[in-house]
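Observations on chain architecture
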Amino acid sequence: MSATRSTLEEAPARRTGGAQPALLLWLAGCLAITLALTFGGLLVGASSIHTSIGWILAPHAQSSIVLWQIRLPRTVGAWLAGALLGLAGAIAQGVFRNPLAEPYLLGTASGAALGVTLSLFAGGASVGAFAWADRLGLTGAAWIGACASMALTILLARGVLQTASLLLSGIVVGFLLSAVTALLLLSKPQMWRTMQVFLLGSTGFLGWPSVALLAAVFFVCAIPATLLSRGLDALTLGEDTAQSLGLSLPALRLTLLGIVSLATAAAVGEVGIIGFVGLVAPHLVRETLSVNHRPLLIASPLCGGALLQAADLVSRFIIQPAELPVGAVTACLGGAYLAFLLWRRSRNA
Amino acid sequence: MIGNSRSWRPGRRARGFALGAGVLALAHAAAAVALVLRDDLGRSVDAPNDPRRVITLLPSLTETVCALGACDRLVATGRFDNWPPEIVKLPKVGGLGDVNIEQIVELHPDLVLYSNAQRVGARLSELGIAAFALQTDRYADIGRTVRIVGRLLGVPARAAALNARIRREVAQVRAEALAARRGAAPRVYFEVDPAPYAAGPASYIGELLTMLGARNIVGAALGAFPLLNPEYVVRRDPDVIFVARADAPHLAARPGWAGITAVREHRLCSFSQKTRDLIMRPGPRVAEGMRAIADCLKREAP
Amino acid sequence: MPEALAVPPAQAQALACRDLAVAYGARTVLEGVSLEILAGRWTAVVGPNGCGKSTLLRVLAGLQAAQSGVITLQGRSLAAWPRRERARRLGWLAQTAATTDLTAAQVVALGRFAHGGWLAHRDVDDDAAIERAMRATGSLEWAARRVSTLSGGERQRVHLARVLAVEAPVLLLDEPTTHLDPPHQEDIARLLRRQAHSCGVSVVSAIHELSLALTADRLIVLGARGVVGHGTVREALHGDWLSQAFGKRIDVVDHAGVPLWRPALEAGAHD
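Calculation rules
- Note that residues are indexed from 1 along each chain, following the sequence as it is written.
- Lettering for chains starts from A, numbering for ligands starts from 1, and both go in the order in which the items are written.
- Local features in this predicted model are restricted to residues of pLDDT 70 or higher, and side-chain atom pairs are both shown and tallied only at a pLDDT of 80 or more, whereas totals for entire chains, interfaces and linings draw on every residue.
- Core membership is restricted to buried Ala, Val, Leu, Ile, Met, Phe, Trp, Tyr and Cys residues, and these are joined into a nonpolar core through C-beta atoms within 7 Å.
- Once C-beta atoms are placed from the backbone, each residue is buried if 20 or more other C-beta atoms lie within 10 Å of its own, exposed if 12 or fewer, and partly exposed for counts between those two.
- Each helix corresponds to a stretch of at least 4 residues labelled H or I by DSSP, and each strand to a stretch of at least 2 residues labelled E; elements are numbered beginning at the N terminus.
- With C-beta atoms placed from the backbone, a contact is any residue pair whose C-beta atoms sit within 7 Å.
- Charged residues are taken to be Asp, Glu, Lys and Arg, nonpolar residues to be Ala, Val, Leu, Ile, Met, Phe, Trp, Tyr, Cys and Pro, and polar residues to be all remaining types, Gly included.
- Two strands pair under a simple rule: DSSP has to find at least two bridges between them.
- Structural elements are reduced to axes, namely lines fitted to C-alpha atoms, with helices fitted over the stretch in contact, and the angle between N-to-C directions of any two is expressed from 0 to 180 degrees.
- Every residue gets a pLDDT, meaning the predictor's confidence in that residue, from 0 to 100.
- The cut-offs work like this: below 35 degrees is roughly parallel, past 145 is roughly antiparallel, 65 to 115 is roughly perpendicular, and the gaps in between are oblique.
- With the far helix as reference, a near helix turned anticlockwise by less than a right angle produces a left-handed crossing, and one turned clockwise produces a right-handed crossing.

**Things to note about the nonpolar core**
Grouped together as the largest cluster of nonpolar side chains are 267 residues, with contacts concentrated most on Leu84 and Ala263 of chain A, Val112 of chain B together with Val108 of chain C. Here this core takes 18 residues from helix α4 (residues 61-95) of chain A, the largest share from any one element. Beyond its immediate chain neighbours, meaning those up to four positions away, Val108 of chain C contacts Ile130, Ala133, Met134, Val158, Ala161, Arg162 and Ala165 of chain C.

The structure is reproduced here in structure tokens:
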């Protein structure tokens, strides 16, 4: 029977032959850069110059703090947030059978932003780092906001079964909640600058509590998603066909959309609204690795994590000691990639 | 070379008439338009002589007008203007972005003073109202604004006196601050926003800090309000941190910040909202603002 | 060429419906439909455009709710079957062959979903079923190609293989031969006949190609107002159901024992 299997699965057709090694190489490259910048004293600054070995072997108290309490959690946190967004994007594209779907489709970004705004108003404090409870509170507010917006979208669309209605009502809810957020911020203009950084994304104050939270959410989302990957494959054949194969469409969609909203909410709550990662990561995986959802749902988080990590490193060190909002960097990268896709499409047409 | 004076006699009366007419014309013109000045947006403004009804759209401009003793000429102010207390009851015609043009027109002002960050000038002059833009971002703008507003209001002498007073007060605060310093110049981090946005030396606050002898951990090359990498603050280890009152208790919770000297030894300066307004406004009360900063520095610096 | 195999006697009804009524909003598509789908027979559903062939198949497959009526699958009410078991017993083929970036083999493998479920790995039985189905539809040679790169006909055969891989006792196929060229249409017809007669599968296919439909065992003829008649092909020809359904615009003639259709000649028109 192994002969049978090999007949059926010679090699899944790939667009370019050496693409899978390329993807792995690129992932490895991101990891290497991360390690270098994290552990290397390369860009410490003029006031003190440490070698990479020096940092590890004889850590000066302050450089140890910078390394273990600032750089490492920011890097790991950026990776986790990117992984969550990549996962959410891959699922969203599968559920809606649309390669342009992305995690913020159902208005979850606007809902999370509104949640954060309301909690800032209530707390009167800032989008900075807090202790566990406060961090949970801020992320919790983001999650409640995201879930509420998703519920509103589903309510408006009258159920999860009509794709077009879902998409439309997602747009409507997104605009509505953005407007409410803007109105709230107008009444307190001093919060504009704070919310601007949130809206453009920043890993600024990611500490280990945030990283733990992101990791927990990642496992809670990734494991069920991978289990449901066959259902997503079946969905690509059409909803009726999927149903005839034995899938419960409402239950599947509700679960998947719930995962998308949880992952998005956690990411947005911790690092703000970062665009393009959720859109581009599944694309890259589909181009280079596989369209089948099991490998797609495993590789998209990896790709998304590497992407966001790379963007975060760029944003942190390109104009250091000042930094760019990481959402702006991902927008540039994502925009460039989409422009490249467009160019390639017109060339092939 | 003037020729024989007797040869001028025939045209003298004519010239006298011409001169008289000219003076009259000028006087008439002067009565309507005393000054044609170029404001800080580069626009040419026909400012009236002795304006009696003045509207100011920025708190520092309001304070300047009142400090020049012309508070009674104000008929309306901007929304955020809260000093001196007597102007609080005046109608408010809008904030930084949303100025109510209709309301301004209804009040028939002679002159409107606004910030060069607001975009009302063109509209108001279309409606026939004299609107003068002033830049009020830096320390040097204070004296300039006082002088120009003094000229616009027709009280140049008072403006000069005000400027002299301000200079005197500032010099006094600076001298006291330097005298009270215990050791080396304190290294300071001024947080404008918890993103974190810092006040660099190129900003107004930064200039005040520099004048008080403090050293900003942020270099001049980064601009007025750079968005910092939080790790940078940890690495530079400032002696004193200026932070908003609401954020002060949470500084230690930021990753890595508990190790900063200023956080560990609790050398934090926070101000009430009123004082913060005072400090952030480049206006006639600059010395008071500097004093607030200097007092805190004196208390908290090592 | 008619099959030389003897046709086994008809077995119990695999699928039946009674007083089925289906409407889209205010528009009634089917009314008072009572049918029996016999096991081991190939039943073709024919009728003019818009008469409800696809709708009937979808309702029988449980994909669309009927306004009234009862459907029974193997003696039990359709709604009473647990979802997974029903999927194992009912295979349904959509009219439009979906394009996807999955490979043909992966698409056919999805047909085994009802047997394994979410976590199941493909075992020996699955592989054998997949290979059988692909071989029968002649799609084995492009097993590793992405479905989006295949032609319409090739795609259709891949999807047909998927339905066959389910190995369900009842197959509901909506236009399984539309994009195929005549030789392949004949292949599929032969395949369906074999499935029905040798494997005891009940095959119901909506076919708009009348000549092909007339090679089936039984016919369900739908007209503008519901079922014109259902029974064997001979009964259909005797009862002139086809002319009734198509508004007297077609004639069925017998050519060397094979029923063929042709447009009805108008009175006064010359040959």
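**A word on the interface of chain A and chain C**
On the chain C side, the residues contacting the 27 residues of chain A number 30 residues. Counting residues per element, the ones that place at least two in the side of chain A that touches chain C are α1 (2-8), α10 (229-235) and α11 (239-244) of chain A. Here the side of chain A that touches chain C is composed, by residue class, of eleven nonpolar, ten polar and six charged.

**Looking at the sheet that holds strand β3 (residues 42-46) of chain C**
All names here are of chain C. As summarised here, the arrangement of the six strands in space is β6-β7-β8-β3-β9-β10, forming an open sheet in which the pairing is mixed. With one partner strand each, in any of the chains shown, β6 (90-93) and β10 (226-232) form the two edges of the open sheet. Across the sheet, the mean angle from the axis of one strand to that of its neighbour is 15 degrees, orientation sign disregarded. Packed on one face of the sheet, helix α7 (residues 182-199) meets β3 and β8 (202-206) and runs near 150 degrees to β8.

**Considering unusual backbone geometry**
Residues and elements named next belong to chain B. For the bond running from Trp83 to Pro84, omega is -5 degrees, close enough to zero to count as cis. Position of Pro84 among the secondary structure elements: in the loop between β4 (74-76) and α3 (101-106). Each neighbour pair has its own omega, and for Ala195 with Pro196 the value is 10 degrees, a cis peptide bond. For Pro196, the location among the structural elements is in the loop between β7 (187-193) and β8 (197-198). With a phi close to 50 degrees, Asp237 is a non-glycine residue in the positive phi region. By the element assignment, Asp237 lies in the loop between α8 (230-236) and β10 (240-242). According to the C-beta neighbour criterion, Asp237 is partly exposed, with 17 such atoms within 10 Å.

**A short note on the confidence of the model for chain C**
Residues and elements named next belong to chain C. In this model, chain C carries an average pLDDT of 85, and 93% of its residues clear a pLDDT of 70 or more. Within chain C, strand β7 (residues 170-174) carries the highest mean pLDDT (93), whereas strand β11 (residues 250-255) carries the lowest (82). Taken as a whole, residues 1-5 scores under 50 in pLDDT and shows two contacts with residues more than four places along the chain or in a different chain. Overall fold confidence (pTM) sits at 0.82, and the ipTM for the predicted complex is 0.85.

**Quick notes on the pairing of β6 of chain C**
Working note: regular strand, side chains alternate between the two faces of the sheet. All names here are of chain C. In β6, alternate side chains face the same way, and those of Leu90 and Trp92 on one face and Gly91 and Leu93 on the other are all buried. Of the pairings in the sheet, the one linking β6 to β7 comprises four bridges and is parallel in character. Each bridged residue has a counterpart across the sheet, and for Leu93 the counterpart in β7 is Leu173.

**A short note on the interface of chain A and chain B**
With 28 residues of chain A at the contact, the number on the chain B side is 23 residues. Of all the elements in the fold, those that place two or more residues in the side of chain A that touches chain B are α4 and α8 (192-200) of chain A. A per-element tally of the side of chain A that touches chain B places α4 of chain A first, with seven residues. When its residues are assigned to classes, the side of chain A that touches chain B shows 13 nonpolar, eleven polar and four charged.

**Things to note about the packing of helix α9 (residues 208-227) of chain A against helix α14 (residues 293-317) of chain A**
Residues and elements named next belong to chain A. α14 packs onto α9 with a crossing angle of 160 degrees between their chain directions and a minimal axis gap of 8 Å. With respect to each other, α9 and α14 are oriented roughly antiparallel. Seen along the crossing, α9 lies across α14 with a hand that is right-handed. Residue-level inspection shows Ala222, Ala225 and Thr226 of α9 in contact with α14, the latter providing Arg294, Leu297, Ile298 and Pro301. Classifying every residue of the contact of α9 with α14 gives five nonpolar, one polar and one charged.

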